Structure formats: structure tokens, C-alpha cells
There are 4 protein chains.
Amino acid sequence: MKETRICIIGGGGRLWAIQFMKDLAYNTMTHGTLVLYDIDKQAAHNNVAVAERVFKVNNSEGRFRVIAEDVIGKALAGCDLVIISIEPGKTACRYGDLVLPEEYGILQSVGDTTGPGGIMRARRAVPLFFEIAEQVKQYCPDAWVINYTNPMTLCTAALYKAFPGIKALGCCHEVFHTQNFLAEKVAKWFDVPVPDRREIKIDLTGVNHFTFVTKAYWKTHDLMPKLIELAQDSATFSDGTAVAKQRLEEENWFDCDQKIALSFLRDFGALGAAGDRHLAEFVPWFLTSDENLHTYGVIRTPYSWRERTAKEKRERVFKDEDLKAELSDEEGVDIMRCLMGDKSMVTNINRPNEGQISYLPKGRIVESNGVLSEDSIRPIVASDPPLAIQNLIKQVSDVQEMTLEAIWNKDDELLFAAFLSDPLMNLSRDKARELFEKMLVASDLKY
Amino acid sequence: MKETRICIIGGGGRLWAIQFMKDLAYNTMTHGTLVLYDIDKQAAHNNVAVAERVFKVNNSEGRFRVIAEDVIGKALAGCDLVIISIEPGKTACRYGDLVLPEEYGILQSVGDTTGPGGIMRARRAVPLFFEIAEQVKQYCPDAWVINYTNPMTLCTAALYKAFPGIKALGCCHEVFHTQNFLAEKVAKWFDVPVPDRREIKIDLTGVNHFTFVTKAYWKTHDLMPKLIELAQDSATFSDGTAVAKQRLEEENWFDCDQKIALSFLRDFGALGAAGDRHLAEFVPWFLTSDENLHTYGVIRTPYSWRERTAKEKRERVFKDEDLKAELSDEEGVDIMRCLMGDKSMVTNINRPNEGQISYLPKGRIVESNGVLSEDSIRPIVASDPPLAIQNLIKQVSDVQEMTLEAIWNKDDELLFAAFLSDPLMNLSRDKARELFEKMLVASDLKY
Amino acid sequence: MKETRICIIGGGGRLWAIQFMKDLAYNTMTHGTLVLYDIDKQAAHNNVAVAERVFKVNNSEGRFRVIAEDVIGKALAGCDLVIISIEPGKTACRYGDLVLPEEYGILQSVGDTTGPGGIMRARRAVPLFFEIAEQVKQYCPDAWVINYTNPMTLCTAALYKAFPGIKALGCCHEVFHTQNFLAEKVAKWFDVPVPDRREIKIDLTGVNHFTFVTKAYWKTHDLMPKLIELAQDSATFSDGTAVAKQRLEEENWFDCDQKIALSFLRDFGALGAAGDRHLAEFVPWFLTSDENLHTYGVIRTPYSWRERTAKEKRERVFKDEDLKAELSDEEGVDIMRCLMGDKSMVTNINRPNEGQISYLPKGRIVESNGVLSEDSIRPIVASDPPLAIQNLIKQVSDVQEMTLEAIWNKDDELLFAAFLSDPLMNLSRDKARELFEKMLVASDLKY
Amino acid sequence: MKETRICIIGGGGRLWAIQFMKDLAYNTMTHGTLVLYDIDKQAAHNNVAVAERVFKVNNSEGRFRVIAEDVIGKALAGCDLVIISIEPGKTACRYGDLVLPEEYGILQSVGDTTGPGGIMRARRAVPLFFEIAEQVKQYCPDAWVINYTNPMTLCTAALYKAFPGIKALGCCHEVFHTQNFLAEKVAKWFDVPVPDRREIKIDLTGVNHFTFVTKAYWKTHDLMPKLIELAQDSATFSDGTAVAKQRLEEENWFDCDQKIALSFLRDFGALGAAGDRHLAEFVPWFLTSDENLHTYGVIRTPYSWRERTAKEKRERVFKDEDLKAELSDEEGVDIMRCLMGDKSMVTNINRPNEGQISYLPKGRIVESNGVLSEDSIRPIVASDPPLAIQNLIKQVSDVQEMTLEAIWNKDDELLFAAFLSDPLMNLSRDKARELFEKMLVASDLKY
């Protein structure tokens, strides 16, 4: 593979950035330069040493020169690949995202993608992505850009809005979880060991965190009939409250049994392809109360935990075994290899709609399968889901478009139109306005 | 004008049928045969005498031969025009439409077009329209068909579903009320007498009862800037609770001040073009409680009143002065004159989308302006409303399409998907299911 | 009607400009200021006196103040309406348009809209319209602009390309001739006096000079069945050579019997709605030789005549009776009255596609019916013609789009792609290139 | 791989059928039953023995049971895969396809896909495919159907017209030749051995035999800049007449230097992706004369040779070495393996448009890349070619659609509209009609 210059924006991070380094170390055919950039300059500089330890621990010394750069232009200049994984605003901002809506009776299980919290987070994040796109345009217009930051759809859309010629995509592992869920079902249904998730071939359609499986195969086996049977079995939806309570106790915020994913299959004809905590936020029927949510075995991630872990992450000291690389479930380095001409791959990606999603306008950022190869991503036309699913996705995508336009034009009145139109909004117009204004203040958002 | 054979389906009715006769009497250039058909055969026969009185009272004896027919095929045979204005199911069915949802916390101000009540009413009405379309296909395939029955969009769509070659349109006077509202504003703004509503030229877009004005002119005056000013003035939205209370007392269910119509203009950029009681039902922000609704001066029409007036209507005895014709606000006879080649007119109509509404699929029944002339209706391309409005309308139209498909295929599971997706649905999935099944039973709906 | 300031670009002309003045004089409710602008400044100044005579001869003195302006910005400033009727380049340029292609065996009957001649004329005209649009944007952005210059579609498209916010339309009387042709048929078929062309209601679709009638009514009579009968009668296509010879002798270049218009109806299912000399140029089957063309009774307008009459026009001295106004077949002043709020009208216009033509991309300049009223033109959705007709129109529109893009980008290689793709092109690629380069030289076209 | 039952319609053939057997023998993981069906029953029975020899010669005895069936229903029953490779009508029919148009001055280099000959061949072939589709629907509705018969697009479209639920695709090796051409260029440009064509990754768009390459990569090298350079070098288009003469002498009808393919790149911006003899037939600029065609080194395949070789093919006696299998350039067996769940592949296929080609209506049969895997073909969204190329392809696709509709409705008047609209048509309307009627007679085509 050819020598690659990579820049990580958010290179001072303690999670994504480190994971990416480990993946690089694991993939022995990669080599080149790794540039760490972070608005927290010290964090980026600190991570240089971590990176060097990662390569050393994994017997990969010398493959990558690692440097930190304080100026974004210098960091980007000459890059072949840019990775973006940042936290837009301080963790404290998420107080407004999560707690204020709750005070008005709007519950959110994650609050970083959709709902009032997702919209406010977008308002903090999107201008940063406009700025990054401008810098990419100036310093490395031919580089490929991979975004991992939420709200995924809007951050990726922001890159294209500010620099339409950008070569960008958004990556997310939620769909992999659905494949893992299906792999476990395969093991059970066919009495075989759990296959690798990559053996589960799916056709999918939607927007990030609100994506749906319309077809699923394992080898020559069509999995949909068995899934539909499962969704029509009332036992599948047995009360999950006890499970939810235990998850609360154990702080297993991310676990789920895909009951909400299956509920979409039951009622609307396609399987949700994200964790239940994400799926629940895009429609009004699951977050009417914690009690209701718990019946699906799903719990909300609380602000207090986010606050606590953010601090822990910052202070974390890595042991050598933390830095030991193995085959991960992240595809960033695989994607890099494809785009640099080393191989070809079909996987799910977030990209501007060129026709792969028939029911959304061209240009919208959508999630579906694509073929990645030398310097090229070509979307695969997704099968149409039932109209009921299209309807739900269109609403979400329209609210995203309104949010993007509002932030681009610095128009908080249009942002309020998006806010009101969000599927989680269950307040009277005037209460909604009151909440909106409080959230703007809490986020300290001014143009 | 050429001799015209007209059939009124619902010809035994005491309101629409009589009004239409009066309009025929008023328009002296019309002549021909008027056939009354009703599933209540006696009512149709009784109305023959009323019709004769109408023509007599208005010095129009002899222009129309009036007959009642008991068999629909005989009633339709040879007709040039078919008018449909029926009540789908007994008034008692509306108990289930209105009261059951209320028990679950879903308030509806009208409940005949959208919301849980509208969907159940559609499930009663739509099969009747499939049947009527079949009869038209067999007995008078070239006749023009005007539907006045609610849910307007779905009943008209049902005609096209069962007989794609039908020449049908839906007519509704809600938009005229918006023109009247604007005419009154014109009087105030320009210090002139209130002009006729036909002098208010508007561009409009949407689906019936959820239509929006994007442009409005009176003579050379663009009214939009003044309307926007009005919508941005907080005085416009002063508390209407006292007004609402009075309307409740006086049983003025239909009155409104267009505060909700203006609220759409304020928040979303286009003026609602229907009565507030209709507009309120298509979104979640106004019917969160009666208190909230009353702040807009709007009240809900109660089931008890419907029950009482249905009885009164049936028992009504017409006095001569009740039958005296004058220029009415209904356009049925004007439309008939256009289609029969007597004149040409631009007005708002409900028709299959041929491209007049850019943001909805072709074929959906939409409301916008059209040109009516000899044997022809050509839609006028509506200006696009802001995306926020498009998003709201698309949801409504998709739910309507799902409802139509469900009823066509006798698929109550798909009907439940529509039921869940209705913008008024604020229940948990399981509560929604419970309500759905109760409403099916209450409507005594079986395939 | 309100006072109107009108600017004629090409105000020194001896044909259109004078006709427009006569129409103004005829319409007694108009008044205001008429500004004449022409790149031939003296011609504009000379026409001031002619204008004054026009108003005097027609007893309309004082209704319009007439002035000439030498600077376009001054001419446009404050205008409500701008009329454009210019000759792009000297008459001598048409030598290259017409005679050079003929030397290569490409015959053109008009050569100002399509074919090699039309493309070269566009290359001269379109930059002038870019410039005019820029001036309108600067000096009177809210004015309505009516273009009469050929190539109509491309000149109007050029206005929108350079100033997307412009309020422009293109007007052409070719469709009126089709209405007159139908009016004469009506007289014959129904044994009545020839009705006014406005009584013939047609639905039409296409691009200027290549427009098609899909429906035609006179009062309550559908004319299509009779037209189809006519097109299927072989007598309709009896040899027109003798007629053509006589027309040649009498220099009746513009006369025709609509045999080519009817030939489209016979073979493709829709009636051509322009003079045969225009229709013939958009397809390869009629101009294979003069002998072939003459069988339809159609002759080509020769360059020599154009040269001679241009001179005569310039030198023409008007007598009072030449300036006497009567009801003309031009609609410019009627359109002005509509847009200024004085009345409303349905007529055929050239406008950007907003959905009125389903088979062409949005934004293309298309010809179909529209409703004109106060400050507003709303297109009417045209009925779809048969696919065979759509296919022919799409080719023409695509070649126009390529031509526009080529001129906008000053890209003669793309212009050659358009040149090759024109339906009249029957040469080998290399001969086509040779002709293309000669024509560029003949037109003295350089960027 | 699972056991597969395959039926070859045209199983008595001496070319395709034998090649497919060899490919089956070469691919050692395939096994099952091979059913030969042919309207020439004896030929199918004779080929059973040939098939057995093929498997024996290649040490594959026993993998496939080979049988001949005389009744199509019995042949299809229970099949997983159906291969169609037939000759529609006797070779003598091609006299009318090729020689009659030539008498009117319309030259065709192949005459089996487009042009007057292609349309008449379609009229013979398409009804056979309607019939095959009906049989598939009845006897093996879940089977995959691969068509190899020309006109490819129309035969495949006919399958979907008669049985919309069919799982069919069309396969053609013309694009492989373009990849081979590029592979040879790669060898020259990069001074490497000629790579396998599968290493040349291309993005392509169009309809069969008129397909275009918009992007081409070899490893990390973008080939388009070098190709454009080649197309802009006048040496590339040096006179090929001498080469053409030699090819005529040697009867090398199929050889070409892709000069016409490159001429499209030069003038229109995308590389033709089929042999020049095919590309030349879809536009009017190359077949104006044999002299013109020869300058590109391309010659026409004469009817006399077709007649002679058809006879030779029928009489051919296979030697063992003729039946020896090796890796072929055909992909039929590879595609079968994908669809049966044995592997996954990206390749070019002919399929209904689901959005992969943005500029053609949904449902049209188009050629572009797709992903083939278990029981699934998903199209990849093709990059848009320049508008000039889109315009050419749209014309061709529209003429195909008209042809299909005409044959479906047995409407020779609509077929004539298609005939007139073909890009090779350069006759006057009346001469075209004369030729059309002669060709109908020559083909002995009656409904």
C-alpha cells in the first residue's frame, strides 16, 4: 500500500483516537505519517507519546511517524486522509441537551442525534464542520475525510455544505451491532457457531441511527421470514422491565435486545438497524415514559454518567495491555485501505444521496451500502422499505435539512421550526418555544 | 348551456342536497334532469317534493325534471355530472371516532379528516367510494364526479383507486373562508368596503383541510408582507380563552380568528388555509389540552351536539324562505357550468397530483388551484411552500396513502401503521394498539 | 390601471417596436412613460418622433411620455416592464447561418432557432442577454421582462442564467397561428363563421417553435377526433409542390397549410403548434431536399430576401395609415395589463419549467399555458404528449441546454457537441467539424 | 455450492450453449442438472451427447446430469437458473434487416440491436420473450433468468413486461472488450505486462452496446487523464482506411481500434464501452458512407457472411480439443455462483433501472455495474456522464420503449414512430414509410 499521510482532528482524544492508532498498528500494510490535531493542543501533544507506545507494544515501530500540529492548516497540508472525531462543546453543554427537555417531559435516551438535544448539539457542532471543510478546501482538497462525530448526518452534511467538492463520508458502527444480533440469531436458528458479522449480508436504508434492514441473508439463507416470525411472536415483546432495572443498576447503558428494532418490523415491515436507544428517539411511541421504555429493556443514558466518565476519560492512564491491538469492529482503517487502492469492500456508509435512496431528495446525507475502492465510493441502490418506514425517515431527514439551513443562515427562527417538527416534540407550541429559548441560553449559543 | 343530467348520491340529505338545488335554481342558464339517489330511499323520494318547491319558490319551474331512483345504476345511467355528499355510517359511529380517543388523551376538534377519528371514518367511507366508482365505470364512465364527503382526500382517492379513468374532483369551501378572512383584512388595511372573496387571489398548496397560502394579492397589492407583520405581532396571539368560552356557550363550533392559521405563518412561513379547527388536528402542538386550544379561541365540536343536530336535520321542516336561493359561497354549480362548456374559471380543487405539487408523488390527491373549462381540469403549478410546511404535508399525505392501501387490501395491520403514524398519535405503541382495537369494535368494522 | 414605465430594448426597430407602440395606443387604459433604447442610438431617437405620431394618429396624445436614452442603465432605471426585441448581430451574419450549412447539404427553412444556424445565432445573441440580465439586476430587479427575440428559448434562458431572480417570459405568436388554423377548420366543420382564435382552447406542450397540441376544444366540441381523422386521410397529404412553387414566386415565405403539423399528428400522435417552416427544422425528415419540403407546400426563406428586406425596413418611411392601430394578434400589452394587476388571462408563454412539463428537467425554458395575473405567472400543468413526441422535444431541449452551458462557459468544444447533436445534423463527424469552424469564422465569433 | 438445476433455452445451439457447458466443466464447484431445450428439438437432443463429451474431456463426469426436453414447461419446471440464447427467426430474416435499409442508403454495421434492422429483429424476438416469461412465471417463477440474445435490452425488457416479478438480467461481453483495450493501454503506459481485464475498474452507464465509461482505474492510477490526452491527440484518429481494407480481406469483422469509442470521448466527454461496430450504429455520424466508416478502421459485417457461417455452425463437428475448457471471458457461470450463494461479485449487467441511471425513467433496462450475491442483484449508482452523452442515450432508450410498447400492443403505427425516431434514420418521412413496409413484408411479420 502506498505511503499515507493521515490527520486526526480530535487527535487529543482518549477513545477514538487511541482506537484508530491500534487499528493502524494492527493493519501491517499501512505506513506513513500520523498528524494529531486538537483544539486542546496539550492533549494532542500528549497523545504523540501514547501513539508511539501503541506502535511499540504492537511491534510496529517505524511504520508511522507521529507528530502533533498546533495549527490546523499545517496539520492538514498534504494529507491523504482526514479523520474527524471531536466533542462539540464541553460536556457541560449536554446538561442543556438532556436535562432541560426532561423538565418539560421530553425524554431522550441518547440525545446526541435527534430530538431537542440533538438539534442543540448540531447547533454547536455544525459551525465547527463548516470551518473544517473550509480548511480542507484550502489545504488538502483531494483528501478523503471520514467523520465519526455525532450528529453524524448533520456534521457530514455540514462538510458538503461548506465545500461541495469534498470527498467525505460518515462512519458508524451501529449497523454492525445489528449484524452481530443477526449473527447470534443465525447461530441459534441453524445450530452453528456464531458467524462473523461480515457474513450477514444486509440491504439497508435510512439515515444514521435510524436505518432499516429490508433484506438479510446468511450464506444461502434468507433471514427475513424467520425475523418476521420472531416479530409476530408475542413472546418476543415480553415485559423487559426487570432486565432494564438490572441494566440501570449495572450502568449497562448501551445494551439492548433489539425489541424496539423488532417492533418496527412488526408494525412497519422493516427491521431497525441501530441500537434500541437510538431508534427509540426518532418516533414518539417509546419515550412517553421511562416505564414504557423499560418494557423494551431499554434505559436512558443519564447526564450524570456522561459527566463522570468524561472526567475519567481525561484522566485515564493507559497500561500496555490497553494498547495491545487486535481485530476491532471499527472499519476506519479498512476504508482507508480501500480508498488508497489496496482493496475493495462493500459496507454501510453515510454519503450524499445520488439516487441510492429513492424516497429522499438528491444531496441529503443518507446511510446505505456502498462499494469502496481506489479513490472512489459508489453507492448501491437500496431496496425501498414500506411507505410507513419511508414516511418516518423523510420526516427525520427534513428536520435535519431545516436544521442545517438554519445554522448555515444563522436563522434561529428556522431552527425553531425544526425544533417544533422533531418527532419527539409533544409540547404545546408556546411551551416548545419556552424550552427552545432556555436551551439556547444553556448552550450559550450566539452567532 | 347544454342540457345536463345530474345525479346526487346522498340525494336524500337535508343540507348539501338542498343547497345544491338552490344553487341550481339560482343559476338560470342551467336545465335538464336531476336524479336523487340515497341508500335511505324514502329520503330521496321525499326530497323530490322539496326540489320542486325550491324551483317553484325561485321562479324556475320546468328547468329541471326531478326524479328519485332506488337503484344506483339507473340513477347514474346517462349522467353528465354526479355529486356525492353522503354520511358514511350512522352518526353513532362518530362516538367511537371522537370519544374513545379522548379517553386515551387524544383530543380532536373535528375528527372527520385526520387523527384516529378520521382514519376510522375513512375505513367506513372508502369502501363505499370504491363501490360508487365501480358503478360510475359501468353506467356513466364519461360523467364528471364531484365529491363533497369527508375525509375528502381519501374519498376522492378511493374513486381513482377503483376506477383510474374516472373524471373526479373534490370540492371544499374551507379555502373560501380564508379568502373571506383576507377580504376583511383588506377592508381594514386599505380602508375600503369588504371585497368579494373572489377578488382575493391566492396561490395555495397542500391537502384538503391542511392547505397553505404562499401568495395572496388583492388588486395590485401583495398581502403577504402585511400578513407576516401581523403574524410577528405578539398581540395577534393574545389569549383567546375568553372568546373560546363564549363560543362554547353559544355553540359556535365553527367560528375562529385564524390564530392557528397565523401561527403556521409565524413559525413555518405559510398561512394555513382552512378553519383553525381543521388545521389544529394535523399537528401535535394545539390539541395537547383544551386549555391550550382555547388560548387560540378554538373549541372542539362535541359528539353530543353532532348527535342532537343529526336528529334535528332529519326532522327539519322547510319553510319557503328556507328555500329561497341567493348567491351562495358554494361553487358546485359554477364548476358544473365550466365542465359543461359554459364558462371558464380558476379555483381551488382536490385532484390527483400531475405535478402541481412538486413535493408529493404523482397521483396523490392534493389541493391547489386549477383551471376549469370545457370537459377539462388543468392543475396550476403551485408555488413551493417552505420545507417545514412541505414536511408536515408529506406526513399527512403518506398516512393517507397508507390508509387507502390498507383499506383497498383489507389489511388492518397496515391500517394500524397509518394509525400509529398520524401526527396526533401521542401514545405508547401498546396503548395505541389497545385504542385501535377498541375503535375497530366501536365502528363495527369487519371485512 | 396604474402608471407604467416601459423600456423597449431594441427601441430603434422598425417593426416590433412600432407594433408595440400601436398596441399601447390601442389599449386606452394604459399610460405612463415609454423609454426607447437601442445600440443604434440614432434609431432610438428617431423612433421617439414615430411614437409621438402613433399616439397622435390614434387620438392618444399624452397617455405616454416617450423618451430615448443612450445609456442602458438610465433606460432601465425605475422600469416596471422591459421589452426586448433585438437583432443579434448584423443581417450579414445570417449568411453564415444559412448559406454555409446549405453548401454542406444541410437545408434550413428559417435558421434562427435550431439547426446549425440557430446555434450560431444563439452564440451571438446569448451573451447580449447575459448582459441585459445583469443590467436589469442592477437597475430594475423587480421589473417584468418580455423577450421577443429568437432563438426565443435560449435568449430567455440566458436571462435566467445570468440573473436567476429575474421575472421574465418569452412571447411568440406561432401558437396563435395554430389557433387560427383550427378556427378555420371549426368554421368548416360546424358551418359557422370563423371564430376568434381565443375561442379555441388548447392544451400545449414543448419548447418554442416546437410545441404540440394535445387537446383542442371549441365551445363544447372536442376537436381532436376530427383532427385525427384529417391526419389519417391521405388526401390531406396530397402533393403540395405546385403550391410551394407559387409561394416561391410570390415570396410568401411564411404561408403554410399545416401539413407538417398534421404529419406529426399522423405519425406521433400530437399536432405541431407552429408554422410548418419552424416545425420542419427540428427533425430530419422534411428538409432532406427542397423537393421533399415542397411536397408539403413549404418553402425556405432565402438569405437574399432577408438581406433585401432588412435594408427596406431600415429605410421605410411610415405613412399615417401605417400607424393606425387596431386589435392586433400580439399579446404584449395584454400581458402587461395582467402583470400590472389590471386583468387576468390564460395564454401560452415561455417560462422556466416548474413542473408544467413533466418530461423535462426543472428550470428548462418551456412553452405551455400559464395564468397571468397581478405580478404573477403560474404555469398550468400540460398534459403529457405521447412518448414519441416527448423524445423529440427532449433532444431539442438538451441541445439548447448544452448550447447555453457552452456559451456561458465560453467553451466552443461543448458548443460543437451541441452542434453535432442537433437533429438536422446529417454529416460525418469530420465534415461537421469543418462546417462548424467555417461558421465560427463567418460569424466572426471570438470570446 | 448447492445443487443447481439449469435450463438452456436455445440448448441446441452450436456456440453459446457449448461455451456455457465448457464454463460449467471448468468451474469444479458446480453440480446438478442441465436441461437442454430448443425449438429445434433434434438439435437439443444432439447436444446432450456433446455435453457429455465436454464433461468427460474435462474430467468432470458425473457433476451434471444432462437431458433434453421437448416441452418448455417440463424443461423449466424446478429450475434455479434459466439461460436464454436464441436466434429469433431464420438467418434469412436478416436479409431484410440489413440489405433493404442499405438499398435506401441506411448502412448498418451489425444491425441486431438498433437501427431499422434492430427494430425488425426486435419485432421477431420480443414476442418469443413474452412467451418465455409466461412459461417462467408458470413453471419456475423463482428462477434467475440470464438473457444473452440480441437485441439485449428489448429482449430483457420483454421478460419484465410479461412477468414483472421475474428475476432476470442481461449479460454481454462488449464491456469486457473495453476493459481489455484499457488493459493493453495500461501495459503500454506503465510498462507492465498486460493485466487481467478484471483489474481495470470502471464506472459505466448506458444501454447495452451503447454504454460509456465515466471513470477508469488500474490499481491506484486514474486512467481518465491519459485517455483524454489520447482522445485529443490527432494521431489517434489517423486514417484507418488501410486497416479497414485489410480487415475486410481477412473477414475480421469484429476487430477494431476503439477509434469511435475515443471519438465519443473527444467530442462528448465519455469513452464508448462497446466495440466500434456497435457504437457506430447509435448515432448518425459514422455510417454516412463506408468510406467514412473505414477511416475509423471499422467495417460492416455483411449479410452474405452471416448466411455462410450460420450454415457452417450448424454442420460443425467438434473435435476433443474444441471442447477442452479453460478460463473464458464469459461470466455466466460466475454469475450463477453468485446468485446461488457461493460468492459475491461486482460486474456490468443489464437490469431494470431502480435509480442507478439518474437520467432515465425507472424501469427501463439499463447497463451499469451491480453487486451480485445470494439471490440478489443490487445496482450501483452510476456516475452521471455529460449531458451530451445522456441526450444520446435517452433517445436510444426512448426508441426502445416505443418499440416494446408497439410490439406489446401489436401496434405497427407506433412501431413506425419508433422506426422514424431511430438515430440512423436519414430518409424523408415518405421514403421511411416505404422502407418500413418492405421490411415488414421481408420479415413476414404479421400479428
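Criteria and thresholds
Residues numbered from 1 in each chain as written. Chains lettered and ligands numbered in written order. Predicted model: local features only at pLDDT ≥ 70, side-chain atom pairs only at ≥ 80, totals over all residues. Least-squares fit on C-alpha atoms with pLDDT ≥ 70 in both. Contact = placed C-beta atoms within 7 Å. Core = buried A, V, L, I, M, F, W, Y, C linked by C-beta atoms within 7 Å. Buried ≥ 20, exposed ≤ 12 C-beta atoms within 10 Å, placed from the backbone. Domains from an automatic or database assignment. Helix = DSSP H or I, 4+ residues; strand = E, 2+ residues; numbered from the N terminus. Nonpolar A, V, L, I, M, F, W, Y, C, P; charged D, E, K, R; others polar. Expected span 1.5 Å × (residues − 1).

Things to note about the relation of the copies chain A and chain D
Two copies of one chain are present, and they are related through a rotation about an axis combined with an axial shift.
Reasoning step 1: Between the two copies, chain A and chain D, the superposition gives an RMSD of 0.0 Å; the rotation angle is 180 degrees and the shift along the axis is 0.0 Å. Both copies of the chain, as the preceding transformation shows, are related through a two-fold rotation axis. If distances are taken from each C-alpha of chain A to the rotation axis, the shortest is found for Ile-380 of chain A, at 2.1 Å.
Reasoning step 2: The share of interface residues of chain A whose copies in chain D are also at the interface is 100%, consistent with both copies meeting through the same surface.

Remarks on the nonpolar core
Reasoning step 1: Within the largest apolar cluster, 574 residues are counted, with the highest numbers of intra-cluster contacts made by Val-82 of chain A, Val-82 of chain B, Val-82 of chain C together with Val-82 of chain D.
Reasoning step 2: The residues touching Val-82 of chain C, leaving out its near neighbours within four places in the chain, are Cys-7, Ile-9, Leu-76, Val-136, Cys-140, Ala-143 and Val-145 of chain C.

Looking at the arrangement of the chains
Reasoning step 1: Looking at chain A next to chain C, you find no contact at all, with the nearest C-alpha pair sitting 14 Å apart.
Reasoning step 2: What separates chain B from chain D at the closest point of their C-alpha atoms is a distance of 14 Å, and the two make no contact.

Overview of the relation of the copies chain A and chain B
Reasoning step 1: With an axial shift of 0.0 Å and an RMSD of 0.0 Å, the rotation relating chain A to chain B amounts to 180 degrees.
Reasoning step 2: Taken together, the interface assignments show that 100% of the residues at the interface of chain A recur at the interface of chain B, consistent with an identical surface on both copies.

Some points on the domain arrangement of chain A
Residue and element names in this part refer to chain A.
Reasoning step 1: Annotation of chain A at the domain level lists domain 1 (4-91 + 113-171) and domain 2 (92-112 + 172-298 + 330-447).
Reasoning step 2: With 43 residues of domain 1 at the contact, the number on the domain 2 side is 50 residues.
Reasoning step 3: Looking at the side of domain 1 that touches domain 2, the elements with two or more residues in it are helix 1 (16-26), strand 4 (81-84), helix 5 (115-139), strand 5 (144-147), helix 6 (152-162) and strand 6 (167-170).
Reasoning step 4: With 12 residues, the top contributor of residues to the side of domain 1 that touches domain 2 is helix 5.
Reasoning step 5: Residue composition of the side of domain 1 that touches domain 2, by class: 21 nonpolar, 15 polar and 7 charged.

Points about helix 2 (residues 41-57) of chain A
All names here are of chain A.
Reasoning step 1: Its 17 residues give helix 2 an end-to-end C-alpha distance of 25 Å, which sits within 8% of 24 Å, the value for a rise of 1.5 Å per residue.
Reasoning step 2: Regarding helix 2, the residues found buried are Ala-44, Asn-47, Ala-51, Val-54 and Phe-55.
Reasoning step 3: Looking at the buried residues of helix 2, the elements they touch are helix 1, strand 2 (32-37), strand 3 (64-68) and helix 14 (320-323).
Reasoning step 4: In the stretch just after helix 2, Asn-59 is the one whose phi turns positive, near 55 degrees.

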